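# Survey of secondary and tertiary structure
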Amino acid sequence: MFKVPPVPARRLPELLRAMPKAELHIHIEGSLEPELIFALAQRNGVALPYASVEALRSAYAFTNLQSFLDIYYAGASVLLHEQDFYDMAWAYLQRAAADQVVRAEIFFDPQTHTSRGVSMQTVLQGLHRACEDARAQLGVSAVLILCFLRHLSEEDAFATLEQALPYRDRIVGVGLDSSELGHPPEKFARVFARCRELGLRLVAHAGEEGPPAYIWSALDVLKVERIDHGVQAVHDAALMQRLAHDRIPLTVCPLSNQKLCVFPDLRQHNLGTLLDAGLAATVNSDDPAYFGGYINDNFTQVFAATGLTAKHAYQLAFNSFEASFASDAEKRDWEHRLKGVFERFVEHD
Ligand SMILES: Nc1ncnc2[nH]cnc12
Ligand SMILES: [Zn+2]
């Protein structure tokens, strides 16, 4: 492993912003800024229950995951046409490129759209075109992960998978999101088994609000390769050992956890505990338009609040590349660039 050179603390925020990184936990519908929601509502003639951008933004005061999801699904109702999905994803990808994101594995929730009469083709064509343009114009490697909504039935998830199969080459994998409590991973055992047979990569939200048991079953029943959030693992020593031993990546989202009251305060966030226990944690933005920051805001704020170091920063960026579904050649290239950035920040006095 690369020996991380000493970096003066005052230069840490600059280093966090400059280092290349992969974002592995971003819901594209959660990147819809209030301004874009209003612009799309006007373009599509959709009525919104808020009088202004400011009124909408001031409704973003959440007490738990469900209180956020209610507003998040309402915001997505302005998305009707392929160009809407393109504009949303392109806005995110430009922001990501500015934060030195070299790889983005983007979640999307097709059931939120197909249930309103928007076709899978409309959703996927818009998102896929933005990903292609990101590679060509921004140098960002971007892929899509289809998420099943866990508050809906497994039958609905199977129907969604069926609709996506004609576009199989446009998705790298599947995930599981939405209301966690009361919807354990086991509910989706058969659809995940089918996705595995199809060669799709598997991830699932687990241990955001839900208990460690949901992380165990995401691993052992769904057979996922990464856990989204997973911060509740600290309450189960045997699970911590398993995650560390198997180097199962956790896609941690500090500002999301703060805004959804998973931790009372960012200073109490357990990212440092997870890293120091040898877990392959990464930092991500989840729903940046709703939680007050994109990936670099997540890095700088959690580092300032919890006193993490340059060594942690290197580990987090390295983990993000290793945990990605990118090719080995891409990973080696990003790791080389990462070392180059760290070497530039060495103190020479
Ligand atoms: N943080 C989160 N947890 C579960 N489902 C989500 N969908 C969008 N953001 C989510
Ligand atoms: Zn999420």
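Not measured: the values here are computed from a predicted model. (Residues numbered from 1 in each chain as written. Chains lettered and ligands numbered in written order. Predicted model: local features only at pLDDT ≥ 70, side-chain atom pairs only at ≥ 80, totals over all residues. Heavy atoms only, no water.)

### Quick look at helix α10 (residues 212-220)
As a reminder, the rule being used: Each residue's exposure class comes from its accessible area (1.4 Å probe, protein chains only) as a fraction of the maximum for that residue type: buried when under 20%, exposed when over 50%, partly exposed otherwise. Starting at the N terminus, helices and strands are each numbered in turn, a helix being any DSSP run of H or I of at least four residues and a strand any DSSP run of E of at least two. Contact criterion: two residues are considered in contact whenever any of their non-hydrogen atoms come within 4.5 Å of each other.
Those residues of α10 not exposed but buried are Pro212, Tyr214, Ile215, Ser217, Ala218 and Leu219. Its buried side turned inward, α10 meets β5 (201-206), β6 (226-229) and α11 (237-245).

### Some words on the coordination of the zinc ion (ligand 2)
Rule in force here: Note on donors: an N, O or S atom is included if it sits within 2.8 Å of the metal, or within 3.2 Å for Na, K and Ca, and water is never included, so sites can look incomplete.
Around the zinc ion (ligand 2), the protein contributes the donor atoms His25 (NE2), His27 (NE2), His205 (NE2) and Asp286 (OD), at 2.0 to 2.2 Å from the metal centre. One chain supplies every donor to the zinc ion (ligand 2), and in sequence these donors are spaced H-x1-H-x177-H-x80-D. No difference in accessibility class separates His25 from His27, as the two residues are buried.

### Things to note about the pairing of β5
Remark: a regular strand shows side chains that alternate across the two faces of the sheet. For clarity, the threshold we go by: Note on pairing: DSSP must find at least two bridges between two strands before they are called paired. When the strands point away from the viewer, a crossover counts as right-handed if the path from the first strand over the helix to the second runs clockwise.
The buried fraction of β5 is high, at 5 of 6 residues. Of the strand pairs in this sheet, strand β4 (residues 173-177) and β5 are connected by 2 bridges, and their pairing is parallel. Looking at β5, one finds that Val174 is bridged to Leu202. In terms of handedness, the path from β4 via helix α9 (residues 189-197) over to β5 forms a crossover that is right-handed. The pairing of β5 with β6 spans 4 bridges and is classified as parallel.

### A short note on the state of the cysteines
Filter applied, for reference: Only a pair of cysteine sulfur atoms within 2.5 Å counts as a disulfide in this structure description.
On inspection of all chains with the given rule, the structure shows 0 disulfides. Considering cysteine sulfurs only, Cys195 is the nearest to Cys147, which forms no disulfide, with 11 Å between them. Classification of Cys147 as buried rests on a relative accessible area of 0%. The structure places no disulfide on Cys261, whose sulfur is separated from the nearest cysteine sulfur, that of Cys253, by 15 Å.

### Things to note about the site of ligand 1
Condition: Nearness is judged by heavy atoms alone; a residue qualifies as near a molecule or strand once a single heavy atom is within 4 Å of it. The definition of a polar contact used here is a pair of N or O atoms within 3.5 Å, where within protein one atom must be able to donate a hydrogen and the other to accept one, and adjacent residues in sequence count solely through side-chain atom pairs. Per-residue and other accessible areas follow the Shrake-Rupley method at a 1.4 Å probe size, with only the shown protein chains counted as cover for residues. Throughout, the protein atoms alone are placed on a 1 Å grid, and a set of points is a cavity if a 1.4 Å probe fits but cannot get out or a pocket if it is open with protein on both sides within 12 Å along at least five of seven lines; lining residues have an atom within 4 Å of a point. The way we define it, a molecule is inside a pocket or cavity when more than half of its atoms are within 2 Å of that pocket's grid points. Each residue gets one of three labels, nonpolar for Ala, Val, Leu, Ile, Met, Phe, Trp, Tyr, Cys and Pro, charged for Asp, Glu, Lys and Arg, and polar for the others, Gly among them.
The full set of residues close to ligand 1 is His27, Leu65, Phe68, Leu69, Tyr72, Asp177, Ser178, His205, Glu208, His229, Asp286 and Asp287. A distance of 3.4 Å separates a nitrogen atom of ligand 1 from a polar side-chain atom of His27. The separation between a nitrogen atom of ligand 1 and a polar side-chain atom of Glu208 is 2.7 Å. Burial of ligand 1 by the surrounding chains reaches 100%, relative to a free accessible area of 260 Å². Given that more than half its atoms are within 2 Å of the pocket grid, ligand 1 belongs to the largest cavity. In terms of residue count, helix α4 (residues 65-75) provides more of the shell around ligand 1 than any other element does, 4 residues in total. When its residues are assigned to classes, the shell around ligand 1 shows 4 nonpolar, 4 polar and 4 charged.

### Quick look at the sheet that holds strand β7 (residues 249-252)
Where we set the bar: Convention adopted: a line fitted to C-alpha atoms gives each axis, helices being fitted over their contacting stretch, and angles between N-to-C directions are expressed from 0 to 180 degrees.
Taken in spatial order, the 8 strands make up an open sheet running β1-β2-β3-β4-β5-β6-β7-β8, and their pairing is parallel. Strands with a single pairing partner mark the edges of an open sheet, and in this sheet they are β1 (21-27) and β8 (280-283). Sheet twist, expressed as the average angle between the axes of neighbouring strands with direction ignored, equals 25°. Inspection of the sheet shows β6 paired to β7 by 2 bridges, in the parallel sense. Its bridge partner being in β7, Ile227 is matched across the sheet by Leu250.

### Structural notes on the side chain of Asp99
Our working definition: Just so you know, the count uses Lys and Arg for positive and Asp and Glu for negative, and it drops His and the chain ends. Here, a salt bridge means any Lys or Arg side-chain nitrogen found within 4 Å of an Asp or Glu carboxyl oxygen.
Here Asp99 is to be found in the loop between α5 (82-98) and β2 (101-108). Comment: no salt bridge for buried Asp99; closest opposite-charge side chain is Arg95, at 4.2 Å. Leave out the neighbours within four places in its chain, and Asp99 touches Arg17, Met19, Lys21, Tyr294, Ile295 and Asn296.

### Details of the UniProt feature "active site" (unreviewed entry) in the protein
Filter applied, for reference: UniProt positions are given in the numbering used here, feature names are shortened, and annotations may be inferred rather than shown by experiment.
UniProt marks Glu208 with the feature "active site" (unreviewed entry), using the numbering shown here. Summarising the element assignment, Glu208 is placed in the loop between β5 and α10. If near-sequence neighbours (up to four positions away) are discounted, Glu208 is found in contact with Leu65, Glu180, His229, Gly230, Val231, Gln232, Ser256, Leu260, Val262 and Asp286.

### What to know about the UniProt feature "binding site: substrate" (unreviewed entry) in the protein
Summarizing the sequence annotation, UniProt attributes the feature "binding site: substrate" (unreviewed entry) to Asp287 in the numbering used throughout. Summarising the element assignment, Asp287 is placed in the loop between β8 and α14 (288-291). In contact with Asp287, other than residues within four places in its own chain, are His27, Gly30, Phe68 and Tyr72.

### Here we look at the packing of aromatic side chains
Counted only if it meets this: Here is the rule: rings of Phe, Tyr and Trp (six-membered ring for Trp) pair when centre to centre is within 6.5 Å. Planes less than 30 degrees apart are stacked, more than 60 are edge-to-face, and the remainder are tilted. By definition here, charges over rings are those cases where NZ of Lys or CZ of Arg is within 6 Å of the ring centre and within 35 degrees of the ring normal.
Applying the stated criterion across every chain, the model contains 16 aromatic pairs. Relative to Phe303, the ring of Phe299 lies with its centre 6.3 Å away and its plane at 45°, an arrangement referred to as tilted. With Phe299 and Phe303 both in helix α15 (residues 295-306) and 4 residues apart, this pair spans about one turn of that helix. Within the aromatic cluster, the residues linked to one another by ring pairs are Tyr60, Phe62, Phe68, Tyr72, Tyr73, Tyr290 and Phe291. The ring of Tyr86 has Arg129 lying over it, and the distance from NZ or CZ to the ring centre is 4.3 Å.

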